[in-house]
Amino acid sequence: MRIKNYFLAGVALIAAGTINAQEYVSPAQNVAVGKTAVASSGTAGLAFDDNIGTRWESSHIDGQWIYVDLGADYAIDQLQLVWEGAYAKQYKIFVASELTEAMNAELSDDDLSNDFSTGWTEAASVSEELAGFPYTQDVNVNAGTYGRYVALQTVERGTNYGTSLWEFRVKSFGEYVADGAETASKIFVTANPDEIYTGETATLNTAVVNGKNFRSENAEVAYSVEPATGLTIEGNVATGTASGEYVVTATSGSVSANCTITVREEPVLTSIEITADKTQGSTNDTYTFTVNGKNQFGESFPVNDKVYSADGAGNATFDGDKMTVDARGQYIVTLKSGDVTSNSVTIDVVAEGQNLALGKTIVSSTEGPENPQNAVDGDEDTMWIANQPEDAEKGEG
């Protein structure tokens, strides 16, 4: 596909470029979802259920195969395979418009070498070592490929296990139209991703489709953007330079299509809030702070490069988000990250050393409406209240 320079009033000037076929990701629909599938072993339908949580897994030998019945001849634009770690390092793709008795007999016999030798057309041969799973592999097929049955046969496994696919997607713009015109009849464009931050890029996946529902490899495409500033396009890569919502229009001859790309400001830290696990204690206590950062959109944002400070009666020492002090008194604690400073938290250190009563057994003259053990639980929000004597007079307080 060729990209054309052009300029219109009110739209952006687009730079020239050529789309590398290896970078192409089909914007077509997956026409294999829910279709009947058969495999040499394992549960074939799990690769066509549009569920990334289920998978087809074959026997642990090479030569295993899987095919899907699309129900009619479709013009195949691209395949998309989502591999589990047990992938095929080398495999072939085959298509057929019918499945004869002879073809079924070869698939059913014990000889794996002749399974696709009759009635099938080879559409692609792939040899690639993969890493980082699940791995989504886009597979380009030969130009003009169409068929009702689409099959994959492994030649060499990438591991000692079987072959395992989360999803086997067949991308098509529609059923094959034998007498369809060779000229462009429609165009498709999608952006991946369709929401980016300033300085980031999105790939425009564009396809000009003829009357047969095949993608035209040499179609000339021009892009325009509205508003005219804030998003630039070079080749098939869009770069956001200012926040906003942009409509990208792809045009080839008399057909056009558009997609929307939203550009947001790059999120930055704008506010920090800190809280302490306790605001009163002794010099023997450790005071732990919880940190919550927000960006300019009010969303949670990580706080890095933390610098704590404490203005107080003695020396405060920080280890991560924990503080210890060496003297009684009041300490006002703040946190800074870059140019952003948090709220202040006041810590009252009212005692020296350790609270020896913490958590110990309590004996009280009366139980009262609250548990007396609350008096030594280290929690300032709980209390012990003694029962009021029957002869007590009502007073203030």
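None of the values given here were measured: they were computed from a predicted structure.

Moving on to the packing of aromatic side chains. Across all of its chains, the model carries 15 aromatic pairs by this definition. The rings of Trp 65, Tyr 67, Phe 94, Phe 116, Trp 120 and Tyr 149 are connected pair by pair, giving a single aromatic cluster. Directly above the ring of Trp 166 sits Arg 55, whose terminal nitrogen or CZ lies 5.6 Å from the centroid. The ring of Phe 297 carries Arg 264 above its face, with NZ or CZ at 4.3 Å from the centroid.

For the rest of this paragraph, the subject is the confidence of the model for the protein chain. Scored by pLDDT, the protein chain comes out at a mean of 90, with 89% of its residues at no less than 70. Scored below 50 in pLDDT, residues 3-22 makes 49 contacts in the model with residues more than four places away or belonging to other chains.

Val 150, Phe 168 and Val 170 are the most contacted members of the largest nonpolar core, which has 32 residues in total. Sorting elements by how many residues they give to this core places strand 6 (residues 65-83) first, with 9 residues. The contact partners of Phe 168, leaving out residues within four places of it in the chain, are Ala 32, Ala 47, Phe 48, Ile 66, Leu 79, Gln 80, Leu 81, Val 150 and Leu 152. Ranked by size, the runner-up nonpolar core spans 22 residues in total, among them Leu 231, Tyr 246, Val 248 and Ala 257.

Inspection of the secondary structure assignment puts Ala 222 in strand 15 (residues 220-226). Note on Ala 222: relative accessible area 7%, which makes it buried. The sequence separation of Ala 222 and Ser 252 amounts to 30 residues, and the corresponding C-alpha distance is 6.6 Å.

Bringing the side chain of Asp 115 into the picture now. For Asp 115, the position within the fold is in the loop between helix 1 (101-108) and strand 8 (121-127). No salt bridge is formed by the buried Asp 115, whose closest oppositely charged neighbour, Arg 157, lies at an N-O distance of 14 Å. In terms of polar contacts, Asp 115 uses its side chain to reach the side chain of Trp 65, at 3.0 Å. Once residues within four sequence positions are removed from consideration, Asp 115 is found in contact with Trp 65, Glu 106, Leu 107, Asp 109, Trp 120 and Gln 153.

Estimates place the volume of the second largest pocket at around 160 Å³. If you go around the second largest pocket, the residues you meet are Val 25, Ser 26, Pro 27, Ala 28, Gln 29, Asn 30, Gln 80, Lys 171, Thr 190, Asn 192 and Asn 205. Partitioning the lining of the second largest pocket into residue classes produces 3 nonpolar, 7 polar and 1 charged.

All told, the structure shown has 13 salt bridges when counted by the stated rule. As a salt-bridge pair, Glu 156 and Lys 89 come within 3.3 Å of each other at their nearest N and O atoms. Taken together, the positions of Glu 156 in strand 10 (residues 146-157) and Lys 89 in strand 7 (residues 88-96) put the pair 67 residues apart, joining distant regions of the chain.

Before going further, it helps to spend a moment on the sheet that holds strand 17 (residues 237-240). Two orientations exist for strands paired in a sheet by backbone hydrogen bonds: parallel and antiparallel. Read across the sheet, 4 strands follow the order 12-14-17-16 without closing on themselves; strand pairing throughout is antiparallel. At either end of the open sheet lies a strand with only one pairing partner, and these are strand 12 (184-192) and strand 16 (231-234). Neighbour to neighbour, the strand axes of the sheet diverge by 25° on average, direction disregarded. Two strands pair when backbone bridges link them, and strand 14 (residues 201-210) and strand 17 are joined in this way by 3 bridges, in the antiparallel orientation. From the neighbouring strand, Thr 201 faces strand 17, where its bridge partner is Thr 239.

It is worth spelling out unusual backbone geometry at this point. The omega torsion across Phe 133 and Pro 134 is 0°, close enough to zero to call that bond cis. Tracing the backbone shows Pro 134 in the loop between strand 8 and strand 9 (135-140). With phi around 60°, Asp 50 is a residue other than glycine that occupies positive phi space. Within the secondary structure, Asp 50 sits in the loop between strand 4 (36-39) and strand 5 (56-57). Judged by relative accessible area, which is 52%, Asp 50 ranks as exposed. Backbone geometry at Asn 213 places phi at a positive 75°, although glycine is not the residue there. Mapped onto the secondary structure, Asn 213 falls in the loop between strand 14 and strand 15. A relative accessible area of 9% places Asn 213 in the buried class.

This next bit is on the sheet that holds strand 25 (residues 322-325). Read across the sheet, 4 strands follow the order 20-22-25-24 without closing on themselves; strand pairing throughout is antiparallel. Looking at the sheet topology across the chains shown, the edges are occupied by strand 20 (269-276) and strand 24 (316-319). Strand-to-strand twist in this sheet, taken as the mean axis angle between neighbours without regard to direction, amounts to 30°.

This part covers helix 1. Taken together, the buried positions of helix 1 are occupied by Met 103, Glu 106 and Leu 107. All buried residues of helix 1 project into a common sector of 100° when viewed along the axis, lining one side. The outward face of helix 1, more than 90 degrees from its buried face, is lined by the exposed residues Glu 101 and Ser 108. Tucked inside the fold, the buried residues of helix 1 contact strand 6 and strand 7.

Here is what the cut-offs are and how they apply
Residues numbered from 1 in each chain as written. Predicted model: local features only at pLDDT ≥ 70, side-chain atom pairs only at ≥ 80, totals over all residues. Heavy atoms only, no water. Phe/Tyr/Trp six-rings, centres within 6.5 Å; stacked < 30°, edge-to-face > 60°. Lys NZ or Arg CZ within 6 Å of the ring centre and 35° of its normal. pLDDT = per-residue confidence, 0-100. Contact = heavy atoms within 4.5 Å. Core = buried A, V, L, I, M, F, W, Y, C linked by side-chain atoms within 4.5 Å. Buried < 20%, exposed > 50% of the residue type's maximum accessible area, 1.4 Å probe, protein only. Helix = DSSP H or I, 4+ residues; strand = E, 2+ residues; numbered from the N terminus. Lys, Arg positive; Asp, Glu negative; His and termini not counted. Salt bridge = Lys/Arg side-chain N within 4 Å of Asp/Glu carboxyl O. Polar contact = N/O pair within 3.5 Å; in protein donor to acceptor, adjacent residues only side chain to side chain. 1 Å grid on protein atoms, 1.4 Å probe; cavity = no way out; pocket = protein on both sides within 12 Å on 5 of 7 lines; lining within 4 Å. Points joined across faces, edges and corners; volume = space filled by probe spheres on them. Nonpolar A, V, L, I, M, F, W, Y, C, P; charged D, E, K, R; others polar. Pairing = 2+ DSSP bridges. Axes fitted to C-alpha atoms, helices over the stretch in contact; angles between N-to-C directions. Arc of directions from axis to C-beta.

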